[in-house]
Amino acid sequence: MIDVSGLVKQIIDGHSNKNILDNLEFHLEANQSVAISGDSGSGKSTLLNILAALDYSDKGQVKVAGLALNIMSESQADQFRKKHLGIVFQQFNLIDCLSVWDNITFPARLNGLPIGSYHKDLLEQLGLSSHKDKLPVNLSGGEQQRVAIARALSHQPSLVLADEPTGNLDDKNSQAVSELLFGLCKKLGLTLVVVTHSPKVAAFADTRLLLRQGQLHPVADQSPYPTPNSVSS
Ligand SMILES: Nc1ncnc2c1ncn2[C@@H]1O[C@H](COP(=O)(O)OP(=O)(O)OP(=O)(O)O)[C@@H](O)[C@H]1O
């Protein structure tokens, strides 16, 4: 599903260029989930933006669902995002003037897909049925993030990307939202990449990786999840 090899992304650091992603390799099979952690500024959001075709690599190959993102035009990138991607943001990013139902069904409508039992099931599984006609402003943070998850799954995308999806939630809501996000993606056969600082959230993933010095490093499943700064170089 994801095949990234030799990925280099440079940023301007003072008067010189710096490789924030440096010959990064990342391979993920379909229906698998991965949690990526790392120090602040290590490049996690940059990597997610490249996987979302919102940013471009300077070198290397980035393939998602068999499509080479690094050679796409702007309009091909738009089409790729519309059809293949579901994105969950830390700040929820719901459309304020649309009801919960209209927010959730929006990506499916954009793709010309039928609206029906799949979306009603999503509402129910996310515990949102009684909030269907409400505006986002009338929901709690945890409820808004559950709407954002339903919206990300609305068009059955190939890949779901989540950037700190529980960053604005308390512990209880963070656990509930993580369980739903990872559980639903597994059930629906979707591939999931989550950037998180939280070891508790990362524990839901099939694989845990640490981004350090521009590359991804595996975190052994049996070991306690390390804080980013506890990994020696
Ligand atoms: N367009 C850009 N131009 C120059 N520097 C950038 C650009 N985008 C990001 N950076 C820098 O690249 C580095 C990585 O940023 P990024 O947001 O990917 O880190 P992060 O790991 O997601 O951090 P955090 O955990 O704090 O969100 C940072 O030093 C940031 O300032």
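Residues numbered from 1 in each chain as written. Predicted model: local features only at pLDDT ≥ 70, side-chain atom pairs only at ≥ 80, totals over all residues.

Caption draft 1: The overall build of the protein, seen in detail. Scanning the protein from terminus to terminus reveals seven helices and ten strands. Seen through its C-alpha atoms, the protein measures out along the principal axes to roughly 50 × 40 × 35 Å. Looking at the protein as a whole, 39% of its 233 residues qualify as buried. Within the protein, contacts between residues at least 6 apart in sequence are counted, and of these 69% link residues at least 24 apart. (Helix = DSSP H or I, 4+ residues; strand = E, 2+ residues; numbered from the N terminus. Buried ≥ 20, exposed ≤ 12 C-beta atoms within 10 Å, placed from the backbone. Contact = placed C-beta atoms within 7 Å.)

Caption draft 2: Molecular detail of the site of the ligand. Looking at the ligand, the residues that line it are Ile 11, Ile 12, Ile 20, Gly 38, Ser 40, Gly 41, Ser 42, Gly 43, Lys 44, Ser 45 and Thr 46. Those elements that place two or more of their residues in the shell around the ligand are strand 1 (2-13) and helix 1 (44-51). For the shell around the ligand, the element with the highest residue contribution is helix 1, accounting for three residues. For the shell around the ligand, the per-class residue count stands at three nonpolar, seven polar and one charged. (Near = placed C-beta within 6 Å. Nonpolar A, V, L, I, M, F, W, Y, C, P; charged D, E, K, R; others polar.)

Caption draft 3: View of the pairing of strand 8 (residues 191-195). Most of strand 8 sits inside the fold, with five of its five residues counted as buried. On strand 8, burial covers both faces: Thr 191, Val 193 and Val 195 on one face and Leu 192 and Val 194 on the other are all buried. Where strand 3 (residues 33-37) and strand 8 come together, four bridges link them in parallel fashion. Counterpart to Ile 36 in the pairing with strand 8 is Val 195. (Pairing = 2+ DSSP bridges.)

Caption draft 4: The sheet that holds strand 7 (residues 159-163), seen in detail. Sheet architecture is open: six strands sit in the order 6-7-8-3-9-10, paired in mixed fashion. In this open sheet, the two edge strands, each paired with only one partner strand, are strand 6 (85-88) and strand 10 (215-218). Strand-to-strand, the axes of this sheet are offset by a mean angle of 25 degrees, without reference to chain direction. For strand 9 (residues 207-212) and strand 10, the ladder comprises four bridges, and the chain directions are antiparallel. Looking at the pairing, Leu 211 lines up with Leu 216 of strand 10. (Axes fitted to C-alpha atoms, helices over the stretch in contact; angles between N-to-C directions.)

Caption draft 5: How the structure looks around the sheet that holds strand 5 (residues 67-68). Across the sheet, four strands lie side by side as 2-1-4-5; this open sheet has antiparallel pairing. Of all strands in the sheet, those bounded by a partner on one side alone are strand 2 (16-28) and strand 5. As paired elements, strand 4 (residues 59-64) and strand 5 share two bridges and run antiparallel to each other. By the bridge assignment for strand 5, Val 64 is matched with Leu 67.

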